[in-house]
Amino acid sequence: EIHAPQNSEEVPGHPIHTFKLENAEIRKLIDNEIKPQLERYKSGDTTVSLKKLEEEFQRLGEIDKHYSRKENLLFPYLEKYGITAPPKVMWGVDDEIRRGIKEVNRLLSTNAENKDVFLKKAEETVNKVIEMIFKEEKILFPMALETLTEDEWFEIARASDEIGYCLITP
């Protein structure tokens, strides 16, 4: 009993646990793959790093599933309780991140002809993702855990499979 999780968010299968697992994988992808490749590209290693960056930004595009579950499953419950400002702002930033990833992929498909424009957009997008992870884990998830009922969490978990997951299989 003393080893049992004390918080809902630590229980495998709980939507917050799943969101946090995804955030950990997203962070790993950025820190271990994308950022080192961006550094190689800056230092002049263009052929290998561009191909690798293209693969990694394609993988980062899976973040759409994470954001879709958050927006379509979690936000409606929060709004039901009158919590509208954080979801509205986050949804806008999620859309900016989606557009940023698409733009980076477009630039990569043209071999990043303008190196400075590409680097600026790639770094800006990656930084927004990292900031969103922080906001989710420090603001959104604690607020949701305090607000939603167990039945509502069950409904979110049940509907999550339909949308899918980002970089993990829970």
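Right above here is the structure, for reference.
Heads up: these notes are all about the structure in this document. All of these numbers come straight from a predicted model, not from anything done at the bench.

Section: unusual backbone geometry
- The backbone phi angle of Leu167 is positive, close to 65 degrees, even though this residue is not glycine.
- Here Leu167 lies in the segment after helix H6 (150-163).

Concerning the side chain of Glu71
- By secondary structure assignment, the location of Glu71 is in helix H3 (residues 63-80).
- A relative accessible area of 3% means that Glu71 is categorised as buried.
- Reaching out from Glu71, the side chain makes a polar contact with the side chain of Trp91 at a distance of 3.3 Å.
- A distance of 2.9 Å separates a polar atom in the side chain of Glu71 from a polar atom in the side chain of Arg98.

Quick word on the pattern of salt bridges
- Here the structure, examined in full by the defined rule, presents 19 salt bridges.
- Residues Lys28 and Glu25 are paired through a salt bridge, measuring 2.9 Å at the closest nitrogen-oxygen approach. You can see Lys28 and its partner Glu25 sitting in helix H1 (residues 15-42), 3 residues apart, about one turn around the helix.
- Taking the relative accessible area as the measure of exposure, Lys28 reaches 43% and is therefore partly exposed.
- For the salt bridge of Lys80 with Glu152, the shortest nitrogen-to-oxygen distance reads 2.5 Å. One end of the pair, Lys80, is in helix H3; the other, Glu152, is in helix H6, with 72 residues separating them in the sequence.
- Lys80 sits in the exposed class, given a relative accessible area of 54%.
- One salt-bridge network, in which partners are shared between bridges, spans Glu33, Lys52, Glu56 and Arg59.

Quick notes on H1
- If you check H1, its first and last C-alpha atoms are 38 Å apart, about what 28 residues at 1.5 Å a residue would give, namely 40 Å.
- The principal kink in H1, of about 35 degrees, is found at Ile30.
- Of the residues trailing H1, Gly44 is marked for its positive phi of about 110 degrees.

Each value, and the rule that gives it
- Residues numbered from 1 in each chain as written.
- Predicted model: local features only at pLDDT ≥ 70, side-chain atom pairs only at ≥ 80, totals over all residues.
- Heavy atoms only, no water.
- Helix = DSSP H or I, 4+ residues; strand = E, 2+ residues; numbered from the N terminus.
- Buried < 20%, exposed > 50% of the residue type's maximum accessible area, 1.4 Å probe, protein only.
- Polar contact = N/O pair within 3.5 Å; in protein donor to acceptor, adjacent residues only side chain to side chain.
- Salt bridge = Lys/Arg side-chain N within 4 Å of Asp/Glu carboxyl O.
- Expected span 1.5 Å × (residues − 1).
- Bend = angle between axes of the 7 residues up to and from the residue.

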